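# Per-entry structural report
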Amino acid sequence: MKLIISRIVLLPIAGLIALTHNADAKESSARKQLKFENIAASLSPTFQTDGFTFMPGAGFIDYNNDSHLDLYVMNGKGKPNALFRNNKNGTFTDVAAAAGVADLGQGTGVAVGDLNNDGFDDLYVANGSTIGDGIDSNDGPDKLYINNGDGTFRDITKQAGISEDGYNSSIAMADYDNDGDLDIMVGRWVDLDFNPPEAGRDIIPVAPSRLYRNNGNLTFTDVTEQANVVAGYNTWAIVWFDYDNDVDIDLFVATERGPIEVFRNEGQGKFTKVTAQSGDLNAYGAWMGITIGDYNNDGLIDIFSTNISDLRITRDPSLPALVVPPPSTWDNPRPTLFRNNGDGTFTDVGKEATDSVHQQFSWGCAMADFNNDGWLDLYYAMNLAPVGVIGREREGAGPSRLQINNGNGTFRDESFTSNIANFGDDGNYLDARGLAIADFNKDGQMDIFLQNVAQYEEIFPFGRTVIPGKGTPKFFKNLGTDGNWVELRLIGNAPKSNLNAVGAKLTLTTRSGKKMIRTIAGGTSTYSASSRIVHFGLGKEKIASLEVRWPNGNTQWLDDVAMNRILTLREGRNKLLSESAYEASLKKIR
């Protein structure tokens, strides 16, 4: 692929970013303690997951193009999903009904992306079919909502050629064929009622995920077999990123009772399955969530995946076979961090890097620099719905974990000291599923929305009596540390690159020579969609340069980038926009 390379030098002239900042307060050797505050009360009306859903997600989306991130939240069967408009004052108002996206399905995954490159993000809403009723059901049709650009959406699912009415999980968008528009990968699972309870989890039938190619006219074609991305297992989570640095975005699928499947993009719309050659990713498990990032700052993108773990209670023979993890997973250390070796293989470093005591059942996950010290941290949701599992650690439950990067290849647990443990009003842990991260208030600190599922008095999956208050989400606002930061919003030059710049890679070099890389991935976490705005924590460092490699391989360099600001770069343009300049440009679109 031919690369176009350009260099941008930022000058102190009108319309560009000032290069000065006040660093006097940054020189103290003592760092401010990382703390979070639960601001779920800022959602109006109060939201609670109601109606049955086993795995609800959430996604950040600027649906009205005012530069402030809004929030889409999945709900249970028969209950409307919510679209919380950011009121720009720390509060949110549900406008889902007015916007036409108050879907009533059994909400699972959500994906956010501009499918027609018109400058407005669209929504893919996945649903699950009914489980626990003894009937093999296909009653959860997915919805594809296209943004009309006026605060409303239209449902084009049928005319788009999307036919998904089974039990679907995570959704991920990426431009796998580099034709300038986003394609859709739909993660699929099976109705548990299809599987005889006496059979157990090891022989659950497979519902392979599907890849839909964007035809460029808001229609889509199923190219799963043609592209050779047929997974042999049911799917929990998906992520797209270029792991081998060949400018083609690759596909990773976290599966149930299987490995993390790796499909290497060969170009021309074709993939090669290389799971068996990918090192420790080729390990049996029930991989629930997946996220990526360069945790050790070696220039290679690593993988973190949550998984079924060694829970004492899930070995209880009195529980239904569908709830008990297969014995082959019982003593596997999970969740797991996989280090990228740079040769196409990954090594499991979970035991040496993270506290291996914390092996509760885990779900959605994220890598981000939550304390702005220049090292990526980990956060992951925890727990499983059966009564008797949700409780305290002694019963096998977990608080949802925040692991802070020590900068030496290891992490420390700050789940409690940071005020981010996922407790309910009764003192027991809540049952978390999807999570999404974003800097929703533009203060340079990464915030977390954690989706909790409803709990039942009866045992899963046959429960009917909801325990009040258990499905209340947590919205953790990051109160900030004293580290420097910068955030980059990338806008691709469609049709040369997708407008969302999914697949772009950024390399930041500090004045001391430290390098940090980030990429705009498709997917991550589980059932959820995090913000695409790229965040770098810097600690006391200052920026020397920033390299941006766009999805089509074109590369730009930027010198002397300002810190502690949100900046926007349009592909091929010769300047960075301040946030106020970006907001002014949006008014022209609206």
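See the structure shown above.
Residues numbered from 1 in each chain as written. Predicted model: local features only at pLDDT ≥ 70, side-chain atom pairs only at ≥ 80, totals over all residues. Heavy atoms only, no water.

## What to know about the overall build of the chain
Rules: Secondary structure elements follow DSSP: runs of H or I no shorter than four residues count as helices, runs of E no shorter than two count as strands, and numbering proceeds from the N terminus. Whether a residue is buried, partly exposed or exposed follows from its accessible area with a 1.4 Å probe, protein chains only, as a fraction of its type maximum: under 20%, in between, or over 50%, in that order. Any two residues having at least one pair of non-hydrogen atoms within 4.5 Å are treated as being in contact. Here the Shrake-Rupley method, with its probe set to 1.4 Å, supplies the accessible areas, and only the displayed protein chains count as covering residues.
On a plain count of helices and strands, the chain comes out with 5 helices and 38 strands. Per-residue burial over the chain gives 63% buried out of 590 residues. At a minimum sequence separation of 6, the contacts of the chain that also span at least 24 residues come to 63%. If you sum the accessible surface of the chain, you get close to 20,200 Å²; carbon and sulfur atoms cover 50% of it.

## Topic: the pattern of salt bridges
Applicable threshold: Any Lys or Arg side-chain nitrogen located within 4 Å of an Asp or Glu carboxyl oxygen qualifies as a salt bridge.
Throughout the structure, instances matching the rule amount to 16 salt bridges. Linking arginine 210 and glutamate 164 is a salt bridge whose minimum nitrogen-to-oxygen distance equals 2.7 Å. With arginine 210 in strand 14 (residues 210–214) and glutamate 164 in the loop between helix 2 (157–160) and strand 12 (167–174), the pair connects residues that are 46 residues apart, well separated along the chain. With a relative accessible area of 22%, arginine 210 lands in the partly exposed category. The exposure class assigned to glutamate 164 is buried, which follows from its relative accessible area of 5%. Lysine 442 is paired through a salt bridge with glutamate 579; the nearest N and O atoms lie 2.8 Å apart.

## Thoughts on the sheet that holds strand 30 (residues 474–478)
What counts, and what does not: Strands are treated as partners if at least two bridges between them are detected by DSSP. Each axis is a line fitted through C-alpha atoms, taken for helices only over the stretch in contact, and angles between the N-to-C directions span 0 to 180 degrees.
With respect to topology, 4 strands assemble into an open sheet ordered 2-30-29-28, the strand pairing being antiparallel. In this open sheet, the two strands that pair with only one neighbour each are strand 2 (36–38) and strand 28 (432–438). Pairs of neighbouring strands in the sheet enclose a mean axial angle of 20 degrees, with direction left out of account. Sheet topology note: the strand 29 (residues 447–452)/strand 30 ladder contains 3 bridges and is antiparallel. Within strand 30, the position partnered with isoleucine 448 by the bridge is phenylalanine 476.

## Details of the side chain of lysine 470
Inclusion rule: Pairs of N or O atoms within 3.5 Å make up the polar contacts considered here, provided that, within protein, one atom can donate a hydrogen while the other can accept it, and that residues adjacent in sequence are counted only when both atoms are side-chain atoms.
Position of lysine 470 relative to the elements: it lies in the loop between strand 29 and strand 30. Of the polar contacts made by the side chain of lysine 470, one reaches the side chain of aspartate 426; its length is 2.6 Å. For lysine 470, the contacting residues outside a window of four places in its chain are Asp426, Asn428, Leu430, Asn452, Val453 and Gln455.

## Brief notes about the nonpolar core
Here is a general trend for soluble globular proteins: nonpolar side chains tend to be buried in one another's company. Put simply, the test is: Only buried residues count toward a nonpolar core, which is a set of Ala, Val, Leu, Ile, Met, Phe, Trp, Tyr and Cys residues joined through side-chain atoms within 4.5 Å. Note that the domain bounds were set by an automatic or database domain assignment.
Judged by nonpolar contacts, the single largest core of 56 residues is most densely connected at Tyr124, Ile184, Trp240, Leu488, Leu490 and Phe536. Taken domain by domain, this core gets at least three of its residues from each of domain 1 (36–457 + 467–478) and domain 2 (484–587). Excluding residues that lie within four positions of it along the chain, phenylalanine 536 makes contacts with Asn484, Trp485, Val486, Leu488, Leu506, Leu508, Met516, Ile517, Arg518 and Leu546. Formed by 34 residues, the second largest nonpolar core is a distinct cluster that contains Leu34, Trp189, Leu402 and Ile404.

## A word on the packing of aromatic side chains
How we decide: Planes of paired rings set the category: under 30 degrees apart is stacked, over 60 is edge-to-face and the rest tilted, where pairs are Phe, Tyr or Trp rings (Trp by its six-membered ring) whose centres lie within 6.5 Å.
Scanning the model with the defined rule gives 25 aromatic pairs in all. Ring geometry for phenylalanine 241 versus phenylalanine 252: centroids 4.7 Å apart, planes at 15 degrees, classification stacked. Of the two residues, phenylalanine 241 sits in strand 16 (residues 235–241) while phenylalanine 252 sits in strand 17 (residues 250–255), which places them 11 residues apart along the sequence. Like phenylalanine 241, the residue phenylalanine 252 is buried in the burial classification. Look at phenylalanine 449 and phenylalanine 475: their rings are 5.5 Å apart centre to centre, the planes differ by 80 degrees, and that puts the pair in the edge-to-face class. Taken together, the positions of phenylalanine 449 in strand 29 and phenylalanine 475 in strand 30 put the pair 26 residues apart, joining distant regions of the chain. Note on accessibility: phenylalanine 449 and phenylalanine 475 belong to one class, buried. Here a set of aromatic residues connected by ring pairs shows up, and it is made of Phe54, Tyr167, Trp189, Trp236, Trp363 and Tyr527.

## Topic: the sheet that holds strand 14
Spatial strand order, 12-13-14-15: 4 strands in an open sheet with antiparallel pairing. At either margin of the open sheet sits one strand with a lone partner, and together these are strand 12 and strand 15 (220–222). Ignoring which end each strand starts from, the neighbouring axes of this sheet average 25 degrees apart.

## Observations regarding the environment of tryptophan 287
Take tryptophan 287: it is sitting in strand 20 (residues 287–293). Accessibility expressed as a relative area gives 0% for tryptophan 287, which makes it buried. Considering only alpha carbons, one finds tryptophan 287 and serine 362, 75 residues apart in sequence, at a separation of 9.0 Å. At a separation of 3.0 Å, a polar atom in the side chain of tryptophan 287 contacts the main-chain carbonyl oxygen of glycine 258. Within the structure, tryptophan 287 has its side chain in polar contact with the backbone oxygen of alanine 283 (distance 3.2 Å).

## Considering unusual backbone geometry
Backbone torsion omega between serine 44 and proline 45 reads -5 degrees, so that peptide bond is classified as cis. Its location among the elements puts proline 45 in the loop between strand 3 (43–44) and strand 4 (58–61). Here the residue pair alanine 494 and proline 495 is connected by a cis peptide bond, since its omega of 5 degrees sits within 30 degrees of zero. Considering the arrangement of structural elements, one finds proline 495 in the loop between strand 31 (484–491) and strand 32 (505–510). With a phi close to 55 degrees, asparagine 245 is a non-glycine residue in the positive phi region. As for its placement among the helices and strands, asparagine 245 is situated in the loop between strand 16 and strand 17. Although it is not a glycine, serine 400 sits at a positive phi angle of roughly 70 degrees.

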